[in-house]
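# What the coordinates show
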Amino acid sequence: MVRHKIVLHFPHEQVDKPIVSKLVRDYNLDFNILKASITPREEGLLVLEVTGEEADYDRGLEYLRSCGVEIQPLSQDIRRNEERCTHCGACLAVCPTEALRLDRETWEVRFAEDDCVACELCIKACPPRAMEIHY
């Protein structure tokens, strides 16, 4: 059994099609929607946590690619620019998953990428603009 957080970029011509529902029906995959930004006639963005057998997962991703959907791991989305970060802690209060947390020994902000759901709240809250989104 595998569990991956992925970001799907849908071309505008695929936004109104039931592509993701086939992952459940045809590939035996479960998914949890972490974030969605999909509007007709524009590119769609969907952040999913997908769970299933590895062979089914691989086949499901191949199906998505055949539909023109770009796939990337979630960890490629939100990054912290270590040179800019001043460890001010402004991001701590807005992070819903506590992916950003305070190390009580060093008083530095730590970023646990695996816990991040790419909600982008930290980007707006960060005064030195150390939190960045990469698509």
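This text gives an overview of the structure that appears in the document. All of these numbers come straight from a predicted model, not from anything done at the bench.

About the cut-offs
- Residues numbered from 1 in each chain as written.
- Predicted model: local features only at pLDDT ≥ 70, side-chain atom pairs only at ≥ 80, totals over all residues.
- Heavy atoms only, no water.
- Helix = DSSP H or I, 4+ residues; strand = E, 2+ residues; numbered from the N terminus.
- Buried < 20%, exposed > 50% of the residue type's maximum accessible area, 1.4 Å probe, protein only.
- Contact = heavy atoms within 4.5 Å.
- Areas by Shrake-Rupley, 256 points an atom, 1.4 Å probe, with all protein chains shown as cover.
- Lys, Arg positive; Asp, Glu negative; His and termini not counted.
- Charge placed at Lys NZ, Arg CZ, Asp CG, Glu CD.
- Salt bridge = Lys/Arg side-chain N within 4 Å of Asp/Glu carboxyl O.
- Pairing = 2+ DSSP bridges.
- Axes fitted to C-alpha atoms, helices over the stretch in contact; angles between N-to-C directions.
- Patch = residues over 30% accessible without salt bridge, like charges linked within 9 Å, V, L, I, M, F, W, Y side chains within 5 Å.
- Expected span 1.5 Å × (residues − 1).

On to the overall build of the protein, then. Along the backbone of the protein there are 3 helices and 8 strands. The order of helices and strands in the protein, counted from the N terminus, is β-α-β-β-α-β-β-β-β-α-β. By residue count, 40% of the 135 residues in the protein fall in the buried class. Contacts in the protein between residues at least 24 apart in sequence constitute 65% of all its contacts with a sequence separation of at least 6. For the protein, the computed accessible surface area is about 8,000 Å², with 47% contributed by carbon and sulfur atoms. Counting 17 positive and 25 negative side-chain charges, the protein places the centres of these two groups 4 Å from one another.

Another point: the side chain of D56. Mapped onto the elements, D56 comes out in helix α2 (residues 54-66). Since its relative accessible area comes to 15%, D56 is described here as buried. Discounting chain neighbours no more than four positions away, the residues touching D56 are Y27, N28 and L29.

This part takes up the pattern of salt bridges. Enumeration over the complete set of coordinates arrives at 10 salt bridges. The salt bridge involving R3 is made with E49; its shortest N-O contact spans 3.7 Å. With a gap of 46 residues between them, R3 in strand β1 (residues 2-10) and E49 in strand β3 (residues 44-52) connect regions that are remote in the sequence. With a relative accessible area of 17%, E49 lands in the buried category. Counted as one network, the salt bridges with shared partners bring together D103, E108 and R110.

A separate point is the sheet that holds β1. Taken in spatial order, the 4 strands line up as β2-β3-β1-β4 in an open sheet, and their pairing is antiparallel. Only two strands of the sheet have a single partner each, and these edge strands are β2 (30-37) and β4 (70-73). The sheet shows a mean angle of 25° between the axes of neighbouring strands, direction not considered. Pairing geometry for β2 and β3, over 7 bridges, is antiparallel. Within β3, the residue paired with K35 across the bridge is V47.

Our focus in this paragraph is the environment of I78. Turning to its location among the elements, I78 is positioned in strand β5 (residues 78-80). A relative accessible area of 3% places I78 in the buried class. Spatially, the C-alpha atoms of I78 and C116 are 7.8 Å apart, while their sequence positions differ by 38 residues. For I78, the residues in contact, after removing those within four places along its chain, are F111, C116, A118, E120, C122, I123, M131, E132 and I133.

The next point concerns a nonpolar patch on the surface. Taken together, V24, F31 and I33 make up a surface patch of nonpolar side chains, about 240 Å² in accessible area. The topology assignment puts I33 in strand β2. On the basis of relative accessibility, which here comes to 48%, the residue I33 falls in the partly exposed class.

For α2, with 13 residues, the first-to-last C-alpha span of 18 Å sits near the 18 Å given by 1.5 Å per residue. The inward-facing, buried residues of α2 contact β1, α1 (21-25), β3 and β4. In the stretch just after α2, G68 is the one whose phi turns positive, near 90°.

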